[in-house]
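Listed below are the residues making up each chain.
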Amino acid sequence: MPKLPKHQTPEVKLDSAAGFIENSLSTEQRRGLFEQPGTVVVAIVELTSKSYTGHADGEEKDPQVKVRVTGCEVARSDEDAAALLEAKRAMWRGRRMDGTFDEIGEGSQRPDGALGDLTADKPTEEQWKAEQRRREERTRTEFVR
């Protein structure tokens, strides 16, 4: 993989494959985005780098990397959105603190402080796996009939 000199920062471009985002949106959210310009949805996304340019010695191009959304979950309630926004603010405060100390803000500096409340009433991984097993068993039972 290419290594860039410390003084170079690549431009990041989002590629056009956004299926994970679309799949995460409810019908109501999709309609809201279309019918009410300026509508905001809050999401957690995973980005994966897919291609890069401008990495060869002596190449005139600025470095650039294309990323794709490879995972996405959209907040479906005001409470989930508020918790995600608070986590975002906590991460922003952390970035600000890494460089300056003039705009720290109030509250936790770690996003997990907000996310703990968000995930407290959500299913655990084990609960989800048990639900999947119940669904598979129910499907098998119905198929056998």
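Attention in this report is confined to the structure presented alongside it. (Residues numbered from 1 in each chain as written. Predicted model: local features only at pLDDT ≥ 70, side-chain atom pairs only at ≥ 80, totals over all residues. Heavy atoms only, no water.)

1. Observations regarding the overall build of the protein
When helices and strands are counted, the protein shows five helices and three strands. Counting only residues that meet the buried cut, the protein has 19% of its 145 residues in that class. Contacts in the protein between residues at least 24 apart in sequence constitute 55% of all its contacts with a sequence separation of at least 6. Here the protein displays about 11,700 Å² of accessible surface, and carbon together with sulfur accounts for 52% of that area. (Helix = DSSP H or I, 4+ residues; strand = E, 2+ residues; numbered from the N terminus. Buried < 20%, exposed > 50% of the residue type's maximum accessible area, 1.4 Å probe, protein only. Contact = heavy atoms within 4.5 Å. Areas by Shrake-Rupley, 256 points an atom, 1.4 Å probe, with all protein chains shown as cover.)

2. Re the sheet that holds strand β3 (residues 64-74)
An order of β1-β3-β2 is seen for the three strands of this open sheet, with the pairing classed as mixed. With partners counted over all chains shown, the strands left at the sheet margins are β1 (11-14) and β2 (43-53), one partner each. With direction set aside, neighbouring strand axes in the sheet form an average angle of 35°. Summarising the sheet, β2 and β3 pair through 10 bridges and their orientation is antiparallel. For Ser-49, the partnering residue across the bridge sits in β3 and is Val-67. (Pairing = 2+ DSSP bridges. Axes fitted to C-alpha atoms, helices over the stretch in contact; angles between N-to-C directions.)

3. Describing the side chain of Ser-24
For Ser-24, the location among the structural elements is in helix α1 (residues 19-24). Apart from residues no more than four positions distant in its own chain, Ser-24 is found in contact with Gln-29, Cys-72, Glu-73, Val-74 and Arg-76.

4. Some words on a nonpolar patch on the surface
Residues Leu-14, Val-45 and Leu-47 make up a contiguous nonpolar surface patch of about 290 Å² in total accessible area. Within the fold, Val-45 resides in strand β2. With relative accessibility at 40%, the residue Val-45 sits in the partly exposed group. (Patch = residues over 30% accessible without salt bridge, like charges linked within 9 Å, V, L, I, M, F, W, Y side chains within 5 Å. Salt bridge = Lys/Arg side-chain N within 4 Å of Asp/Glu carboxyl O.)

5. Considering the pairing of β3
When β1 meets β3, the two strands line up parallel, connected through four bridges. Residue pairing for β3: Lys-13 is matched across the bridge by Lys-66.

6. So, the pattern of salt bridges
Taken as a whole, this structure holds six salt bridges when the rule is applied. Notably, a salt bridge pairs Arg-89 with Glu-86, separated by 3.2 Å at the nearest N-O pair. Linking Arg-89 with Glu-86, this pair stays in helix α3 (residues 78-99), spanning three residues, or about one helical turn. Of the charged contacts in the structure, one is a salt bridge between Glu-131 and Arg-134, with a shortest N-O distance of 2.9 Å. Of this pair, Glu-131 and Arg-134 are both found in helix α5 (residues 125-144), three residues apart, which corresponds to roughly one turn of the helix.

7. Structural notes on the environment of Ser-51
With respect to the helices, strands and loops of the structure, Ser-51 is situated in strand β2. Its relative accessible area of 36% is what places Ser-51 among the partly exposed residues. Note: C-alpha distance between Ser-51 and Asp-15 (36 residues apart in sequence) is 9.6 Å. Not counting residues within four places of it along the chain, the set of residues in contact with Ser-51 comprises Gln-64, Val-65 and Lys-66.

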